[in-house]
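# Survey of secondary and tertiary structure
As a plain string of letters, each chain reads:
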There are 2 protein chains.
Amino acid sequence: MIQANTIGYMNSAAPDFDEALDTLLRYDGSTSDDVHQAVVQILRDVRMHGDAAVVDYTNRFDNLGVADISALELPRAALLAALEGLPSESRAALECAADRVRNYHQRQVLESWSYTEANGTRLGQKVTPLDRAGLYVPGGKASYPSSVLMNAIPAKVAGVSELIMVTPTPHGQRNPLVLAAAAITGVDRVFTIGGAQAVGALAYGTQSIPQVDKIVGPGNAYVAEAKRRVFGTVGIDMIAGPSEVLIISDGTGNPDWVAMDLFAQAEHDEVAQSILLCTDVAFIEAVAESITRLLPEMPRKDIIAASLKNRGALIKVADLDEACVIANRIAPEHLELAVEDAEPWVAKIRHAGAIFVGHCSVESLGDYCAGPNHVLPTMRSARFSSPLGVYDFQKRTSIIHMSPAGAAELAPIAATLAYGEGLQAHARSAEYRK
Amino acid sequence: MIQANTIGYMNSAAPDFDEALDTLLRYDGSTSDDVHQAVVQILRDVRMHGDAAVVDYTNRFDNLGVADISALELPRAALLAALEGLPSESRAALECAADRVRNYHQRQVLESWSYTEANGTRLGQKVTPLDRAGLYVPGGKASYPSSVLMNAIPAKVAGVSELIMVTPTPHGQRNPLVLAAAAITGVDRVFTIGGAQAVGALAYGTQSIPQVDKIVGPGNAYVAEAKRRVFGTVGIDMIAGPSEVLIISDGTGNPDWVAMDLFAQAEHDEVAQSILLCTDVAFIEAVAESITRLLPEMPRKDIIAASLKNRGALIKVADLDEACVIANRIAPEHLELAVEDAEPWVAKIRHAGAIFVGHCSVESLGDYCAGPNHVLPTMRSARFSSPLGVYDFQKRTSIIHMSPAGAAELAPIAATLAYGEGLQAHARSAEYRK
């Protein structure tokens, strides 16, 4: 029996494994009533009072004392100054990452198409970018320049004309890496506002902040609840749950690597989830030993320890086929195939946000600079949703151009179906075209 | 001045036009507290009691007296019998429509792709269908076989393995056209259940009804609220608002056609919206006259009259350019370009669910059999969303297969960015791959 007091241990052969796995995966992401009430009030105020409400809430929540909204917009010069001020290594890393992310996403661009039938009828779909998108970037400890790259680049590749970033600056503190990332990715305007008031400003528009068509980007519980409530008025990306990694191991490779990959997930926050599925008990023991040995070295060890203890697990599985079955059940955000001959197993994974194939393909390369997006479906939603991409900033319009012959041919068919549904005006409007 | 007591008249040159248009477009789609409370209770019961709750609510709401859930599943034989029992004209119309819709949607299938960099790193995205989808089909007056085609065909073209239809049969009344459409499109299982209890059964699964990954299809306020609440546990399609048509006219063509096209929208229900933008006052007068003359002939004249009076308008515009500007502001579900030389104007429309180009391209052909989907974004959401399509039943998984050389090259870049974000485990797990 493996003794790991830092992380739970499970065996897929145990009779209660299914229930134990369900318990491990369970996460209550529901919003508290307090958050809900506060958000409703903030959104109402922003909708009714515009700039004044945004200034008021920003002064209050971010400990500022600005007189009006103009003090909350950063000019492009401020972004460029942040970029110029970076150490050259940081700037080069950001620019390299941006180039790789751009290169990958350019392959996602949907093009318009149409086809013409023998009688001259033309059918198709026209693809257009959104006019205007809003990008939320958290302030404080979760203020990540990589998130600016991952959200802004697909929008710009899609052709969004105006990309508006909002990011709070509590006590006036700005994150130069975030501003530099905005400069590199061509963000058009930046407002130093955050919380539900920023979401409301983007969703409804104010005197100074233009209404956007879609709001993307991560945020705290207030931001998530505000996005949920403005959905419909504007589009939103997914509401992200805690971040997750699932590592499938055949017992090859270095247990320190696996331990550190579990840490990398766990260091996000206490509810992040790191799970290992492994066919080899000796390797699981080695990983447990690595965890114990490496944990004290980590600056974020308290967060990692809490995350591993509450939501992590090392799971012995019978074989890699079973591991894939369990992986499809979990539908993880990140899946690492840390196995010797990994490529054949990719075909067995039906549900995952991203698959990292082989020992060299570690999640953190994907988080920053491999090229694919790091905004991925969490909490089993990879069963039905996809990584953020250019698709999220394009939309389709169906094109129907009937020729007179085509209309004459289809009119009786439409009329028959319309009468069957009791919609006589539908039928007659088709019949007029005979 | 145009005198139309059946439908409002507006002029874009009026000083208060912007506000008047806003008022016309305004629609409160919020859910009443009663509906909300009822749905919460029903979903909780279905989640806790499974089949028993579904049977109980179905007996109560649909006036049935079944003993258990097995009586609420229709075997495939019942669908085939419905198909066999149709008049040949109806069957041929359904089959022709299904073929055309299938042909159009086959062009939407996304394929997996990947590319390999010089150092052997392979990046890509893997496209897979959803495992299982649920299709809601309303009972009663809004029970439309065409909706079965439009929802089921993209799912099957995407490759969804199991498509489960739910449709209530109040007092045991079945709609043979709906069942025949299910037979034609290859729906795998059909349960005669509806309302929030059907949405809950599909979202959570019961002893007899499998959990699906996504729920699509229209429904009443209870169904819409239930879909909203299970979103996250499963995927959902859009929550549809009232249906809308916007017709742009240059005064050419037949005013009776325009009137009937407005009726076709208005006959859906009292809150459907039918708007004409026209450059020619005389033609607007002729349309108003057609409305007055044709309305009494329509079997659904009461619904049409209420819809036109409450939410319809004939609007005089300066020219077609202005009409396009207004159309982009409205972002209508359906846009008819009822103009002589229509094709050049397509490029000026940025936001619409579907564009019907020219006098022969009437919405009702698109509703039934042109080929493109009739499930379209409503209430200005065409600014950021798209017609239902194969895309809604596929999902993408990013593939990241780093070669040793690729990992070594990117590790320092990822590490630099990770240290910049204060995520040391991310940095070290990248550095291990140097």
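Residues numbered from 1 in each chain as written. Chains lettered and ligands numbered in written order. Predicted model: local features only at pLDDT ≥ 70, side-chain atom pairs only at ≥ 80, totals over all residues. Heavy atoms only, no water.

## Quick notes on the relation of the copies chain B and chain A
Defined as follows: Superposing copies: least-squares fit, C-alpha atoms only, residues required to have pLDDT of at least 70 in both. Whether two residues touch is decided by their heavy atoms; if any such pair falls within 4.5 Å, the residues are in contact.
Screw-axis analysis of chain B against chain A gives a translation of 0.0 Å along the axis, an RMSD of 0.0 Å, and a rotation angle of 180°. The superposition of one copy onto the other is thereby described by a two-fold rotation axis. Comparing interface residues between copies, 100% of those in chain B also lie at the interface in chain A; the contact surface is shared.

## Thoughts on the UniProt feature "binding site: substrate" (unreviewed entry) in chain A
All names here are of chain A. Here is the rule: UniProt positions are given in the numbering used here, feature names are shortened, and annotations may be inferred rather than shown by experiment. In DSSP terms, a helix is any run of H or I states spanning at least four residues, a strand is any run of E spanning at least two, and both are numbered starting from the N terminus.
Sites flagged by UniProt as "binding site: substrate" (unreviewed entry) map to Ser-243, Gln-265, His-268, His-334, Asp-367, Glu-421 and His-426. Their sequence span is 184 residues, while the largest C-alpha to C-alpha distance among them is 55.6 Å; these annotated residues do not converge on one region. Structurally, His-334 is set in strand β13 (residues 334-338). Apart from the residues within four sequence positions on either side, His-334 is in contact with Ser-243, Glu-244, Val-245, Leu-246, Gln-265, Ala-354, Phe-356, Glu-363, Asp-367 and Leu-376.

## Some points on the interface of chain B and chain A
Where we set the bar: Using a 1.4 Å probe, buried area is obtained as the accessible area two parts lose upon being combined, added over both of them. Throughout this description, the term salt bridge denotes a Lys or Arg side-chain nitrogen within 4 Å of a carboxyl oxygen of Asp or Glu. The definition of a polar contact used here is a pair of N or O atoms within 3.5 Å, where within protein one atom must be able to donate a hydrogen and the other to accept one, and adjacent residues in sequence count solely through side-chain atom pairs.
The interface of chain B with chain A comprises 111 residues on the first partner and 111 residues on the second. Among the residues of chain B in contact with chain A, Phe-384, Arg-396 and Arg-433 of chain B are the three that bury the most area, contributing 8% of the side total. Applying the counting rule to chain B against chain A returns twelve salt bridges. Where Asp-261 of chain B meets Arg-433 of chain A, a salt bridge forms, and the shortest distance between an N and an O atom there is 2.9 Å. For the interface between chain B and chain A, the tally reads 80 residue pairs in polar contact (both at pLDDT 80 or more).

## Side note on the pairing of strand β13 (residues 334-338) of chain B
Residue and element names in this part refer to chain B. Our working rule: Exposure is judged per residue with a 1.4 Å probe applied to protein chains only, and the accessible area is read against the type maximum: over 50% gives exposed, under 20% gives buried, and values in between give partly exposed. When DSSP finds two or more bridges between a pair of strands, those strands are recorded as paired.
Within β13, five of the five residues are buried, which leaves the element mostly enclosed by the surrounding structure. Where burial is concerned, the two faces of β13 agree: the one with His-334, Glu-336 and Ala-338 and the one with Leu-335 and Leu-337 are both buried. The sheet contact formed by strand β10 (residues 244-249) and β13 spans five bridges and is parallel. Bridge pairing links Ile-248 to Leu-337 in β13.

## Quick notes on the pairing of strand β11 (residues 273-278) of chain B
Residue and element names in this part refer to chain B. For β11, the buried fraction is high: six of the six residues fall into the buried class. Side chains Gln-273, Ile-275 and Leu-277 of β11 all project onto a buried face; the interleaved residues Ser-274, Leu-276 and Cys-278 project onto the opposite face, where all are buried too. Relative to β11, β10 is paired through six bridges, and the arrangement is parallel. Opposite Ile-247, over in β11, you have Leu-276 as the bridge partner. Across four bridges, β11 lies against strand β12 (residues 313-316) in parallel orientation. Bridged to Leu-277 within β12 is Ile-315.

## A short note on helix α5 (residues 88-106) of chain A
Put simply, the rule reads: A helix is expected to reach a length of 1.5 Å times the quantity of its residues less one.
If you check α5 of chain A, its first and last C-alpha atoms are 27 Å apart, about what 19 residues at 1.5 Å a residue would give, namely 27 Å. Taken together, the buried positions of α5 of chain A are occupied by Ser-90, Ala-93, Leu-94, Ala-97, Ala-98, Arg-100, Val-101, Tyr-104 and His-105 of chain A.

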